[in-house]
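# Summary of the model geometry
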Amino acid sequence: MAAERRRCDRCPAGAECPFCGLEGEARDAFDAITEVRCYAAGTRLVEQGERPEGLFIVREGLAQLRHDAADGRRVIFGLVGRAGLVGLAEVVNGKRSRLSAVTLQPTTVEMVPRRALVRFLVDYPASVVPLLVWESEELERFTDELVNERRSRPLPDRLLDRLRDLAEVCGEPVDGGVLIDVPLSVRSVGDTLGCSRQWASKLLGDAEAAGLVERRQRRIVLTRAGLQGAPN
């Protein structure tokens, strides 16, 4: 069990993970029900309309939360990076997921089977508090984004905001700026901003003309000007 216990010490998520603070018997019990898994880019951790296999705790990598509507539209709700949780609400309430979670790059997770996690939370109720804090912070972040950005900020500003978010999570320094190391199609940009492909293409074109981004096939470089914001 000592070897298993060191798993948490080696995990890149560190103290950001809501399970990091478990100690003693609770730590051992949680280690016993977790399984480390590695996924390639493009893997669906959770399928829309289905019950998740369990809770996924992201150690390294990046997953995208999205909803595919019946009319073919796709809406991207956000990204889950290091120390993020996927499937928590559905594991607790037993409902089917309304979103899909798809990896954007090679991703390592800890997977906790649904029944095992529910049993663990019953046996160790103190572990529920960090999860409530995590969930409340996620709800606050989502609400703040919905109210303060999606309804009030212009689309060009929202585009730069989203690219800066990506640069923080999966950016690599290159000459002149930061390379966002995930494939970004015009459709995925439009899905993220809630606009059409045509508008997304125009927004990217305008940002490139202004020297805020550079497009390299399906990768985007956020230039130094783009990292700082649009010029006055």
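This report concerns the structure included in the present document.

Another point: the overall build of the protein chain. Along the backbone of the protein chain there are nine helices and 12 strands. Looking at the protein chain as a whole, 42% of its 232 residues qualify as buried. When contacts within the protein chain are restricted to residue pairs at least 6 apart in sequence, those whose partners lie at least 24 apart make up 68%. A total accessible area of about 12700 Å² is found for the protein chain, and carbon and sulfur atoms account for 51% of it.

One non-glycine residue, alanine 83, adopts positive backbone phi at about 75°. Mapping alanine 83 onto the fold places it in the loop between strand E5 (74–80) and strand E6 (85–86).

On to the sheet that holds strand E12 (residues 219–223), then. Reading across the sheet, the four strands line up as E9-E10-E12-E11 and stay open at both edges, with antiparallel pairing between neighbours. The open sheet has two edge strands, strand E9 (171–174) and strand E11 (213–216), and neither has a second partner. Strand-to-strand twist across the sheet, computed as the mean angle between neighbouring axes with direction ignored, equals 30°. Strands in contact with helix H6 (residues 155–170) are E9, strand E10 (177–180), E11 and E12; relative to E10, the strand with the most contacts, it is inclined by about 85°. Most of the contacts of helix H8 (residues 197–209) go to E11, to which it runs at about 115°, and overall it touches E11 and E12.

With that settled, consider the layout of surface pockets. If a probe as big as a water molecule is rolled over the atoms, it shows which places are left empty. Looking at the second largest pocket, its volume works out to about 200 Å³. For the lining of the second largest pocket, the leading source of residues is helix H7 (residues 186–193), giving three residues. A per-class count over the lining of the second largest pocket returns two nonpolar, four polar and five charged.

Attention shifts here to the sheet that holds strand E2 (residues 44–46). Across the sheet, four strands lie side by side as E2-E7-E4-E5; this open sheet has antiparallel pairing. Strands with a single pairing partner mark the edges of an open sheet, and in this sheet they are E2 and E5. Neighbour-to-neighbour, the strand axes of this sheet turn through a mean angle of 30°, independent of strand direction. Here strand E4 (residues 63–68) pairs with E5 via six bridges, running antiparallel.

We now examine the nonpolar core. The biggest cluster of nonpolar side chains holds 23 residues, and the ones touching the most others in it are Leu159, Leu163, Leu166, Ile180, Val182, Leu184 and Val213. Elements that contribute at least two residues to this core include exactly H6, E10, H7, H8 and E12. For this core, the element with the highest residue contribution is H6, accounting for six residues. Once residues within four sequence positions are removed from consideration, leucine 159 is found in contact with Val189, Leu193, Leu203, Leu204 and Ala207. Counting residues in each nonpolar core, the second largest holds 18 residues, with Phe30, Val112, Leu121 and Leu131 among its members.

Among the seven residues in strand E3 (residues 54–60), six count as buried, and that is most of the element. Bridge analysis of E3 against strand E8 (residues 107–113) gives six bridges, and the strand direction is antiparallel. Within the sheet, the bridge partner assigned to glutamate 60 lies in E8 and is threonine 108.

For the structure shown, the criterion picks out 12 salt bridges. A salt bridge links glutamate 47 to arginine 44, with the nearest nitrogen and oxygen atoms 3.3 Å apart. Taken together, the salt bridges that share partners define one network made up of Glu35, Arg37 and Glu53.

Structurally, serine 188 can be placed in helix H7. A polar contact of 2.8 Å, which involves the side chain of serine 188, links it to the backbone oxygen of serine 185.

Quick look at the side chain of threonine 223 now. Its place among the elements puts threonine 223 in strand E12. Given the relative accessible area of 6%, threonine 223 is considered buried. Residues within four places of threonine 223 in sequence aside, it is in contact with Gly176, Gly177, Gly211, Leu212, Val213 and Glu214.

On to helix H4 (residues 114–123), then. If you check which residues of H4 are buried, you get Ala116, Leu117, Phe120 and Leu121. One side of H4 holds all its buried residues, which, seen down the axis, span an arc of 135°. Turned more than 90 degrees from where H4 packs its buried face, Arg115, Arg119 and Val122 sit exposed.

Parameters and conventions
- Every chain is numbered independently, its residues counted from 1 as its sequence is written.
- Residues qualify for local features only when their pLDDT is at least 70, as the model is predicted, and side-chain atom pairs are given and counted only at 80 or more; totals for whole chains, interfaces and linings, by contrast, use all residues.
- The side-chain quantities take in all heavy atoms of the structure and omit both hydrogens and water.
- Runs of E in the DSSP output that reach at least two residues are strands. Runs of H or I that reach at least four are helices, and both are numbered from the N terminus.
- Throughout this description, buried means an accessible area under 20% of the type-specific maximum (1.4 Å probe, protein chains only), exposed means over 50%, and partly exposed covers the range between.
- Any two residues whose heavy atoms approach within 4.5 Å at even a single point are treated as in contact.
- Only the protein chains shown count as cover for residues, with accessible areas throughout obtained via the Shrake-Rupley method and a probe of 1.4 Å.
- Pairing between strands is defined by DSSP: at least two bridges between the two strands are required.
- Only C-alpha atoms enter the line fits that serve as axes; for helices the fit covers just the stretch in contact. Angles between N-to-C directions range over 0 to 180 degrees.
- Here a cavity is any set of points on a 1 Å grid over the protein atoms alone where a 1.4 Å probe fits but cannot get out, and a pocket is any open set with protein on both sides within 12 Å along at least 5 of 7 lines; a residue lines the site when it has an atom within 4 Å of a point.
- Grid points are joined across faces, edges and corners, and a volume is the space filled by probe spheres set on the points.
- Classification used: nonpolar for Ala, Val, Leu, Ile, Met, Phe, Trp, Tyr, Cys and Pro, charged for Asp, Glu, Lys and Arg, polar for all others including Gly.
- We define the nonpolar core as a collection of buried residues of types Ala, Val, Leu, Ile, Met, Phe, Trp, Tyr and Cys that are connected through side-chain atoms lying within 4.5 Å of one another.
- Each reported salt bridge corresponds to a side-chain nitrogen of Lys or Arg within 4 Å of a carboxyl oxygen of Asp or Glu.
- Polar contacts here mean pairs of N or O atoms no more than 3.5 Å apart (in protein, one a potential hydrogen donor and the other a potential acceptor; neighbouring residues in sequence count only if both atoms are side-chain atoms).
- Note: the arc covers the axis-to-C-beta directions of the helix.

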